[in-house]
Amino acid sequence: MDKVTLQRIEKLHPFVREEVKQIIKECDEALTGKAKIRITQGLRSFEEQEKLYAIGKITSGKKVTNAKAGQSIHNYGLAVDMCLIIDGKTASWDTAKDWDNDGVADWYECVKIFAKYGWDWGGNWKSFKDLPHFEKKNFPSKKGLVKTSWRALSKLKRDEDGYVVF
């Protein structure tokens, strides 16, 4: 696991940090060729979210997100975006390439591992597919596991570090 990925994981919600480390470890072990995983986005501030939301709507560029500040699971530290780092230097978002020649696209090997741990993949969304995106499906509450949604998360109290309290 590279330094950049580790730094981004350390900013995620404490509830998912160790799990994401384990997922990345399993992905890196499964990818026996040139590719390794890098987390490109984790926790995102409301300000960062507003800037991304503006792209393609207010500012020029291709639309990046439909989520305003507070409407992204990234804003709660429960989502990550990833890429593949090839030979330790080149970023790739190629979902079809099989760098380790095992008959399964490296990206999909990782999709399966994230799913095993209960993470939704943005590539499965009906509209606005987000292939690099993964988010935790459920979070714990007094009523048991609750489906992760920005509406539910926005109603929760926050601790002194700004993370929602489950």
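Residues numbered from 1 in each chain as written. Predicted model: local features only at pLDDT ≥ 70, side-chain atom pairs only at ≥ 80, totals over all residues. Heavy atoms only, no water.

## Focus: the environment of isoleucine 113
So, step 1. Counting through the fold element by element, isoleucine 113 comes out in helix H4 (residues 106–116).
So, step 2. Separated by 89 residues in sequence, isoleucine 113 and isoleucine 24 have C-alpha atoms that sit 8.8 Å apart.
So, step 3. Residues in contact with isoleucine 113, not counting those within four places in the same chain, are Ile23, Glu26, Cys27 and Ala30. (Helix = DSSP H or I, 4+ residues; strand = E, 2+ residues; numbered from the N terminus. Contact = heavy atoms within 4.5 Å.)

## Some points on the confidence of the model for the protein
So, step 1. Considering every residue of the protein, the mean pLDDT works out to 94; 100% of them sit at 70 or more.
So, step 2. The weakest mean pLDDT in the protein belongs to strand S6 (residues 138–141) at 83; the strongest belongs to strand S2 (residues 79–86) at 98. (pLDDT = per-residue confidence, 0-100.)

## Topic: the packing of aromatic side chains
So, step 1. As enumerated under the stated definition, the model contains 5 aromatic pairs in all.
So, step 2. Ring pairing ties together the aromatic residues Phe15, Phe139 and Phe166, which thus form one cluster.
So, step 3. Over the ring of tyrosine 53 we find lysine 57, and its NZ or CZ is 4.3 Å from the ring centre.
So, step 4. Directly above the aromatic system of tryptophan 99 lies the positively charged group of lysine 97, at a separation of 4.9 Å from the ring centroid. (Phe/Tyr/Trp six-rings, centres within 6.5 Å; stacked < 30°, edge-to-face > 60°. Lys NZ or Arg CZ within 6 Å of the ring centre and 35° of its normal.)

## Description of the pattern of salt bridges
So, step 1. A complete count under the given rule lists 9 salt bridges for this structure.
So, step 2. For arginine 44, the salt bridge goes to aspartate 81, with nearest N and O atoms at 3.6 Å. Within this pair, whereas arginine 44 is found in the loop between strand S1 (35–41) and helix H3 (46–54), its partner aspartate 81 is found in strand S2, the two being separated by 37 residues in sequence.
So, step 3. Looking at aspartate 81, the relative accessible area reads 11%, which means it is buried.
So, step 4. The network of salt bridges with shared partners includes Glu10, Glu18 and Lys21. (Salt bridge = Lys/Arg side-chain N within 4 Å of Asp/Glu carboxyl O. Buried < 20%, exposed > 50% of the residue type's maximum accessible area, 1.4 Å probe, protein only.)

## Re H4
So, step 1. Those residues of H4 lying buried are Asp106, Trp107, Glu109, Cys110, Val111, Ile113 and Phe114.
So, step 2. Residues of H4 that are buried make contact with helix H2 (14–30), S1, S2, strand S3 (90–92), strand S4 (119–121) and strand S5 (133–136).
So, step 3. Just downstream of H4 lies glycine 118, where phi reads positive at about 85 degrees.

## Structural notes on H2
So, step 1. Here H2 contains 17 residues, and its C-alpha end-to-end distance of 25 Å stays within 8% of the 24 Å for a straight helix at 1.5 Å per residue.
So, step 2. Of the positions making up H2, those classed as buried are Val16, Arg17, Val20, Ile23, Ile24, Glu26, Cys27 and Asp28.
So, step 3. Here the buried face of H2 lies against helix H1 (3–9), S1, H4, S4 and S5. (Expected span 1.5 Å × (residues − 1).)

## Quick look at the side chain of lysine 136
So, step 1. Relative to the elements of secondary structure, lysine 136 occurs in strand S5.
So, step 2. Polar contacts involving the side chain of lysine 136 include one to the side chain of glutamate 19, which spans 2.7 Å.
So, step 3. When neighbours within four sequence positions are excluded, lysine 136 is seen to be in contact with Phe15, Val16, Glu19, Leu78, Tyr117, Gly118, Trp119 and Thr148. (Polar contact = N/O pair within 3.5 Å; in protein donor to acceptor, adjacent residues only side chain to side chain.)

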